[in-house]
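# Overview (structure and organization)
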Amino acid sequence: MIFQIDIATLTSVSSVFYSILLVLLFLFWRQNKDIDAILWWCGFPLFRIIYSLISSDSINYGNDLIIYIGNLSVILSDTMLMIGCLKFTNMDIRWKIIYGYLAVFIAFSFYQYFSGTDLAGRTKLVVIIDLIPIMASIYALSHLENKAYAIEKYFTIFWISFQIAIFTFWILINFNFSSPTLGPSIIISLAFAYLGHIFITVGLIILTIAQRRNQLLSESLKHKELERNLERVLEVAQAANEEKNLFLTNMSHELRTPLNAIIGFSESLKLKYYGELNEKQYEYVDNIYGGGELLLKLITDLLHLSNIEEGKVDIFLEDVNLNDLLTKTLPLLQEIVGKDSDRLKINNQISNTEIATTVYIDQIRTKQILINFVSNAVKYSENDKEVLLELVDYDDDYYRISITDHGVGIEEDQYENIFLPFNRAGIDTTTTEGIGVGLSIAKNLIEEMKGRVDFVSKFGEGSTFWIDIPKSKQRQLPIS
């Protein structure tokens, strides 16, 4: 009777520990669902709890069937342990063998049930069958890297192996659990068995912690290596960028000297300083002059873009009369459209009284932006199409200047590329002049002046580009 009570106490206490560890394992799985092994390991304490509740050693049943269910729980417990270990070590799982293994145990259990096998016989079957998943679990865990799992690995293997030592003791006493002289030793062996199961579960928990720790360390090392690679790439890119800027600066200066000579001499010929030209000669000289001017503009744009990227462009902000600025810029814009052309239309909605509203901008850079916008409007529309320049009081903080054309427009899939340097919105194959840096320069300049730039466009119908210019804190300034 004392023997029964002592074992019942062991099973009750162990059940409490199993339950606590099961909850911990489940919580670990909820936080680390990428580690599949944890969910299988949850089955190890779960089936131990079931076994403890229906332990054949602590309760006398009128029907032995429930005892065999308890024995099956023991086998399922260690099978779940084995599957979890195989998954944890990324080893192949032979499901057909596992199903066959369980089927063999169930078949022998049915035979024992109908033949009325005693406790010793039932325990022999459990021990023999249970050695298979125990050995497989040890084999799987032994393949873990010592460097990553040294303590956790051997701790868990020790307690799994400890079950084999207990089984060995039972074999040595020939499973004679009813011996009065061996009673205390059997109780101690059972206590160690339950203790071993508890520490096995603890080992599984620390294995999952170790794997997460190793994953974090691995990710940290990868991030550090990535940072080092990025730093090296950045250094190379910065060096290449410096070389590029140096090349552009030197090359632009080297090209400008002969180019200015070409432009100067061709302009002198056009102005007939050195005598009259026939029609064909004048046409060729005009082509030389136009080509030189275009080439000079391209070189200047490249150098300007390089200087902007390097932060070498000086922005001089001052209070400026917007109407006055527009008046001074119109002759330049008219030159782009054509002196004798009436294509450029002006819609100025800002009052042109003696006292006019002011803006806080860099005059030269703002003129540069407007020239770029009008130049694009002319380039990308037919000769007879109108170009509209509008100036409106947009809101309390900005005035808006917009340029509208009725040209080719921009396709929607090119919208995000419009302000990128060296991008021509998908028309690179056309004969239209330019290298696609003007809008990028304009965007950088207006943003340096704390303004905004944007556009709307419909392919085949035209585009409207605008800049929002910051109003001056000094709201009014006389027209000069």
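Overview of the structure. (Residues numbered from 1 in each chain as written. Predicted model: local features only at pLDDT ≥ 70, side-chain atom pairs only at ≥ 80, totals over all residues. Heavy atoms only, no water.)

## A word on the overall build of the protein chain
Secondary structure assignment for the protein chain yields 11 helices and 7 strands. Here the contacts in the protein chain between residues at least 6 apart in sequence split such that 75% fall between residues at least 24 apart. Total accessible area on the protein chain is roughly 26700 Å²; 60% of this is exposed by carbon and sulfur atoms. (Helix = DSSP H or I, 4+ residues; strand = E, 2+ residues; numbered from the N terminus. Contact = heavy atoms within 4.5 Å. Areas by Shrake-Rupley, 256 points an atom, 1.4 Å probe, with all protein chains shown as cover.)

## Section: the packing of helix 5 (residues 119-141) against helix 6 (residues 146-172)
Following both chains from N to C, one finds helix 5 and helix 6 inclined at 160 degrees, their axes separated by 10 Å at the closest point. The angle between the axes of helix 5 and helix 6 places the two elements in the roughly antiparallel class. Note that helix 5 runs across helix 6; the crossing there is left-handed. Within the contact between the two elements, helix 5 uses T123, V127, D130, L131, I134, M135, S137, I138 and L141 and helix 6 uses K153, T156, I157, I160, S161, Q163, I164, F167 and W170. Taken together, the residues that form the contact of helix 5 with helix 6 break down as 11 nonpolar, 5 polar and 2 charged. (Axes fitted to C-alpha atoms, helices over the stretch in contact; angles between N-to-C directions. Parallel < 35°, antiparallel > 145°, perpendicular 65-115°, else oblique. Left-handed = near helix turned anticlockwise from the far one by under 90°. Nonpolar A, V, L, I, M, F, W, Y, C, P; charged D, E, K, R; others polar.)

## Details of unusual backbone geometry
At N174, a position not held by glycine, the phi torsion is positive, near 55 degrees. Mapped onto the elements of the fold, N174 is located in the loop between helix 6 and helix 7 (183-270). Backbone geometry at K450 places phi at a positive 65 degrees, although glycine is not the residue there. For K450, the location among the structural elements is in the loop between helix 11 (438-448) and strand 6 (452-458). Given the relative accessible area of 62%, K450 is considered exposed. (Buried < 20%, exposed > 50% of the residue type's maximum accessible area, 1.4 Å probe, protein only.)

## Description of the pattern of salt bridges
Scanning all chains against the criterion turns up 12 salt bridges. One salt bridge connects D468 with R400, and the closest N-O pair in it is separated by 2.7 Å. Of this pair, D468 sits in strand 7 (residues 462-478) while R400 sits in strand 5 (residues 398-404); the two residues are 68 residues apart in sequence, bridging distant segments of the chain. No difference in accessibility class separates D468 from R400, as the two residues are buried. Here the residues in one salt-bridge network are E225, R228 and R232, joined through shared partners. (Salt bridge = Lys/Arg side-chain N within 4 Å of Asp/Glu carboxyl O.)

## Things to note about helix 10 (residues 363-379)
With 17 residues, helix 10 extends 24 Å from end C-alpha to end C-alpha; this agrees with the ideal 24 Å at 1.5 Å per step. Restricting attention to buried positions, one finds in helix 10 the residues R365, T366, I369, L370, N372, F373, V374, S375, N376, A377 and V378. Two to three positions downstream of the cap, the backbone nitrogen of R365 sits 3.2 Å from a side-chain oxygen, assigning the N-cap of helix 10 to D362. (Expected span 1.5 Å × (residues − 1). Polar contact = N/O pair within 3.5 Å; in protein donor to acceptor, adjacent residues only side chain to side chain.)

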